[in-house]
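Per-entry structural report
The primary structure of each chain is shown beneath.
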There are 2 protein chains.
Amino acid sequence: MDYPRLRIRIVFGHAEMIGPGKAELLQRIAQTGSIAAAGREMGMSYRRAWELVGTLNAMFRDPLVDSTRGGPGGGGAVLTDAGQKVLGLYRAFEQDVATAGAARLEALQAFRRDIPREK
Amino acid sequence: MDYPRLRIRIVFGHAEMIGPGKAELLQRIAQTGSIAAAGREMGMSYRRAWELVGTLNAMFRDPLVDSTRGGPGGGGAVLTDAGQKVLGLYRAFEQDVATAGAARLEALQAFRRDIPREK
DNA sequence: TGATGATATGTTTGCTGAAACATATCGACA
DNA sequence: TGTCGATATGTTTCAGCAAACATATCATCA
């Protein structure tokens, strides 16, 4: 982990938003094929991962994650087309924003206290 | 409140960051001249407001808020030069980011569910 | 004395972690 | 060929606990 870094959340409504957490969860679901495995990798409880997926699926017109129970391996989860596109757009958004804010960020950091070592 | 909007946090270290909450607190301290009044306006307990100011002052080389006890009116708090500059840079950063991300944001919103009415 | 900053304390909320249950496929075995 | 158990994951519930909160109290200074 290198600092400083940005955490940007896009707030669509009172309880509807997407940020670094949900984006990483989507990405790890795509990689692992499992909601539980993705949540474990991020150190969150399965309940939390499952609730986040439910929120994401309810936020958009089409579900972003498709999960199956039973089946080969006992079950699994995959990103839908909409899920892949939303994740891609969010990553592109992050890139655009980081580039645009670099100058201000450096100016802010000039005010920071010098830290000996950061883990 | 109009949606969508962005919530941006700049993370400098493990527990050192600045986001919408601390920025608004700084702004209200500048307007009211009181940590307690600024906190009240934001619906937070005085303890929380006081802790946030402490975190901010510890994050930067120079304190952002200068508080006096006693005196005319019992005491008060003002933004230092560093405080004014940091707040200004954060607001400018927000502007830059919103402009740079507008196109991606619109693309993302095309995937959203149509909401009848948002409060 | 009055207004505010600083500090201490009791309460509540939210989250986590574990456990129980549901579901569906594969492989073993008679 | 057919049935049953093993297996791995998704779904749901619940008690325990740590973090955050509001409230109350003390300190300070004109």
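The structure displayed is predicted, hence computed values, not measured ones.

1. Section: the protein's contact with DNA strand C
Taken together, 18 residues are adjacent to DNA strand C, and Arg 69 and Gly 70 of chain A together with Ala 36, Tyr 46 and Trp 50 of chain B come closest. Protein-proximal atoms of DNA strand C, defined as those within 4 Å of the protein, fall in sugar or phosphate at a share of 80%. Take Ser 34 of chain B: an N or O atom from its side chain is 3.5 Å from a phosphate oxygen of DNA strand C. Note that a phosphate oxygen of DNA strand C is positioned 3.2 Å from one of the backbone N or O atoms of Ile 35 of chain B.

2. Re the interface of chain B and chain A
Opposite the 40 residues of chain B that make contact, chain A presents 41 residues. Where chain B touches chain A, the interface holds 4 salt bridges. In this structure, the salt-bridge partner of Arg 104 of chain A is Asp 96 of chain B, at a minimum N-O distance of 2.8 Å. For the pair chain B and chain A, the number of links is 22 residue pairs in polar contact (both at pLDDT 80 or more). Secondary structure elements with two or more residues in the side of chain B that touches chain A: strand S1 (5-13), helix H3 (46-59) and helix H4 (81-109) of chain B. Here the element with the most residues in the side of chain B that touches chain A is H4 of chain B; it accounts for 15 residues. For the side of chain B that touches chain A, the per-class residue count stands at 23 nonpolar, 5 polar and 12 charged. Across 7 bridges, strand S1 (residues 5-11) of chain A lies against S1 of chain B in antiparallel orientation. When the sheet's bridge partners are listed, Arg 9 of chain A is paired in S1 of chain B with Arg 7 of chain B.

3. A short note on the environment of Met 17 of chain B
All names here are of chain B. Along the chain, Met 17 turns up in strand S2 (residues 16-18). It is 14 Å that separates the C-alpha atoms of Met 17 and Arg 61, two residues lying 44 residues apart in sequence. Residues within four places of Met 17 in sequence aside, it is in contact with Arg 9, Ile 10, Val 11, Phe 12, Lys 22 and Met 59.

4. A few points about the relation of the copies chain B and chain A
Overlaying chain B with chain A gives an RMSD of 0.3 Å, the required rotation being 179° about an axis along which the chain moves by 0.2 Å. What we have between these two chains is a two-fold relation. Of the interface residues in chain B, 100% have counterparts in chain A that sit at the interface too, so the contact is made through matching surfaces.

5. Thoughts on the packing of aromatic side chains
All names here are of chain A. Under the defined criterion, the tally for this structure stands at 2 aromatic pairs over all chains. Taking the centre distance of 6.2 Å and the plane angle of 80° together, the rings of Phe 12 and Phe 60 count as edge-to-face. Of this pair, Phe 12 sits in the loop between S1 and strand S2 (17-18) while Phe 60 sits in the loop between helix H3 (46-59) and strand S3 (65-69), placing them 48 residues apart in sequence. Per residue, the accessibility class of Phe 12 equals that of Phe 60, and both read buried.

6. Topic: the nonpolar core
With 60 residues, the main nonpolar core has Ile 29 and Val 65 of chain A together with Ile 29 of chain B as its most contacted residues. If we ignore the near neighbours within four places in the chain, the residues touching Val 65 of chain A are Leu 26, Ile 29, Ile 35, Val 53, Asn 57, Ala 77, Val 78, Leu 79 and Thr 80 of chain A.

7. Points about the protein's contact with DNA strand D
In the vicinity of DNA strand D lie 20 residues, with Ile 35, Ala 36, Tyr 46 and Arg 47 of chain A together with Ser 45 of chain B positioned nearest. Among atoms of DNA strand D positioned within 4 Å of the protein, sugar and phosphate together represent 77%. Contact distances for DNA strand D include 3.0 Å between a phosphate oxygen and a side-chain N or O atom of Trp 50 of chain A. At a separation of 3.0 Å, a phosphate oxygen of DNA strand D approaches a polar side-chain atom of Ser 45 of chain B. Residue assignment for the surface near DNA strand D shows that the elements contributing at least two residues are helix H2 (35-41), H3, S3 and strand S4 (75-79) of chain A together with H3 of chain B. Tallied by class, the residues present in the surface near DNA strand D amount to 4 nonpolar, 11 polar and 5 charged.

Reading the values: the criteria
- Residues numbered from 1 in each chain as written.
- Chains lettered and ligands numbered in written order.
- Predicted model: local features only at pLDDT ≥ 70, side-chain atom pairs only at ≥ 80, totals over all residues.
- Heavy atoms only, no water.
- Near = heavy atom within 4 Å.
- Polar contact = N/O pair within 3.5 Å; in protein donor to acceptor, adjacent residues only side chain to side chain.
- Contact = heavy atoms within 4.5 Å.
- Salt bridge = Lys/Arg side-chain N within 4 Å of Asp/Glu carboxyl O.
- Helix = DSSP H or I, 4+ residues; strand = E, 2+ residues; numbered from the N terminus.
- Nonpolar A, V, L, I, M, F, W, Y, C, P; charged D, E, K, R; others polar.
- Pairing = 2+ DSSP bridges.
- Least-squares fit on C-alpha atoms with pLDDT ≥ 70 in both.
- Phe/Tyr/Trp six-rings, centres within 6.5 Å; stacked < 30°, edge-to-face > 60°.
- Buried < 20%, exposed > 50% of the residue type's maximum accessible area, 1.4 Å probe, protein only.
- Core = buried A, V, L, I, M, F, W, Y, C linked by side-chain atoms within 4.5 Å.

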